[in-house]
Amino acid sequence: MRQPFPNLSSRSTVMRFALIVPAAFMMQGCLAKTALDVVTLPVRAAGKAVDVATTSQSEADEKRGREIRQREAKLAELERQYSKERARCEGGDAGACADARETYAEIQAILPTVPLEPR
């Protein structure tokens, strides 16, 4: 059987070839990048997990410093409170004397956890 347009089939084959060849070359780069990403993903994930799980020395120092500052702030607050309660106790308020004793006990519990500053 004879085709009605004999040149059309050869022209369409050439057009297909002209579109497929550059597309194939472009796809190789995409496939190579995707393959590289897939291969390196477990290594990057493991590295990130180790990074999250470990604490650096500077992070540990910052955390310790933050905790010390919080204890110092609590100690200063208790000392102000104790001062006020003692003043009221000396004024004759028996309830303030009991509160002052409780506050003093809290101060004694926190005091060993606050480092001494060099003078």
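Residues numbered from 1 in each chain as written. Predicted model: local features only at pLDDT ≥ 70, side-chain atom pairs only at ≥ 80, totals over all residues. Heavy atoms only, no water.

## Some points on the overall build of the chain
Part 1 of the argument: Across its full length, the chain holds three helices and zero strands.
Part 2 of the argument: When the elements of the chain are put in sequence order from the N terminus, they spell out α-α-α.
Part 3 of the argument: Looking at the chain residue by residue over its 119 residues, the buried ones come to 10%.
Part 4 of the argument: Taking all contacts inside the chain whose residues are at least 6 apart in sequence as the whole, residues at least 24 apart take part in 56%.
Part 5 of the argument: For the chain, the exposed area adds up to about 10,200 Å²; of that, 62% sits on carbon and sulfur atoms. (Helix = DSSP H or I, 4+ residues; strand = E, 2+ residues; numbered from the N terminus. Buried < 20%, exposed > 50% of the residue type's maximum accessible area, 1.4 Å probe, protein only. Contact = heavy atoms within 4.5 Å. Areas by Shrake-Rupley, 256 points an atom, 1.4 Å probe, with all protein chains shown as cover.)

## A word on the nonpolar core
Part 1 of the argument: One finds Leu75, Leu78, Ile107, Ile110 and Val114 forming the largest nonpolar core, which totals five residues.
Part 2 of the argument: Residues within four places of Leu78 in sequence aside, it is in contact with Thr103, Glu106, Ile107 and Ile110. (Core = buried A, V, L, I, M, F, W, Y, C linked by side-chain atoms within 4.5 Å.)

## Section: helix α3 (residues 94-110)
Part 1 of the argument: The end-to-end C-alpha distance of α3, which contains 17 residues, comes to 25 Å, matching closely the 24 Å that a straight helix rising 1.5 Å per residue would cover.
Part 2 of the argument: Listing the buried residues of α3 in full gives Ala96, Cys97, Ala100, Thr103, Ile107 and Ile110. The buried residues of α3 occupy an angular sector of 140 degrees when projected down its axis, which confines them to one face. Opposite the buried face of α3, at more than 90 degrees from it, the exposed residues are Ala94, Arg101, Glu102 and Ala109.
Part 3 of the argument: Lining the buried residues of α3 we find α2 (57-90). (Expected span 1.5 Å × (residues − 1). Arc of directions from axis to C-beta.)

## Quick notes on the environment of Glu67
Part 1 of the argument: When you line up the elements, Glu67 lands in helix α2.
Part 2 of the argument: Looking at Glu67, the relative accessible area reads 34%, which means it is partly exposed.

## Some details on the pattern of salt bridges
Part 1 of the argument: Under the counting rule described, the total for this entry stands at one salt bridge.
Part 2 of the argument: Two residues, Arg86 and Glu90, come together in a salt bridge whose shortest N-O distance is 3.3 Å. Placement of both Arg86 and Glu90 in helix α2 is noted, with a separation of four residues, approximately one turn of the helix.
Part 3 of the argument: Residue classification places Arg86 among the partly exposed residues on the basis of a relative accessible area of 39%. (Salt bridge = Lys/Arg side-chain N within 4 Å of Asp/Glu carboxyl O.)

## Re the environment of Leu75
Part 1 of the argument: Looking at where Leu75 falls in the secondary structure, it is placed in helix α2.
Part 2 of the argument: The sequence separation of Leu75 and Ala109 amounts to 34 residues, and the corresponding C-alpha distance is 9.8 Å.
Part 3 of the argument: In contact with Leu75, other than residues within four places in its own chain, are Ile107, Ile110, Leu111 and Val114.

## A word on a negative patch on the surface
Part 1 of the argument: On the surface, a cluster of negative charge is contributed by Asp93, Asp99, Glu102 and Glu106.
Part 2 of the argument: Mapped onto the elements, Asp99 comes out in helix α3.
Part 3 of the argument: Accessibility expressed as a relative area gives 33% for Asp99, which makes it partly exposed. (Patch = residues over 30% accessible without salt bridge, like charges linked within 9 Å, V, L, I, M, F, W, Y side chains within 5 Å. Lys, Arg positive; Asp, Glu negative; His and termini not counted. Charge placed at Lys NZ, Arg CZ, Asp CG, Glu CD.)

## Things to note about the packing of α2 against α3
Part 1 of the argument: Contact geometry of α2 with α3 gives a least axis separation of 8 Å together with a crossing angle of 155 degrees. Considered as vectors, α2 and α3 are oriented roughly antiparallel to each other. Pair α2 / α3 crosses with left-handed handedness. For the pair formed by α2 and α3, the contact residues are Arg71, Lys74, Leu75, Leu78, Glu79, Gln81, Tyr82, Glu85, Arg86, Arg88 and Cys89 on the first element and Ala96, Cys97, Asp99, Ala100, Thr103, Tyr104, Glu106, Ile107 and Ile110 on the second.
Part 2 of the argument: For the contact of α2 with α3, a count of residues per class yields ten nonpolar, two polar and eight charged. (Axes fitted to C-alpha atoms, helices over the stretch in contact; angles between N-to-C directions. Parallel < 35°, antiparallel > 145°, perpendicular 65-115°, else oblique. Left-handed = near helix turned anticlockwise from the far one by under 90°. Nonpolar A, V, L, I, M, F, W, Y, C, P; charged D, E, K, R; others polar.)

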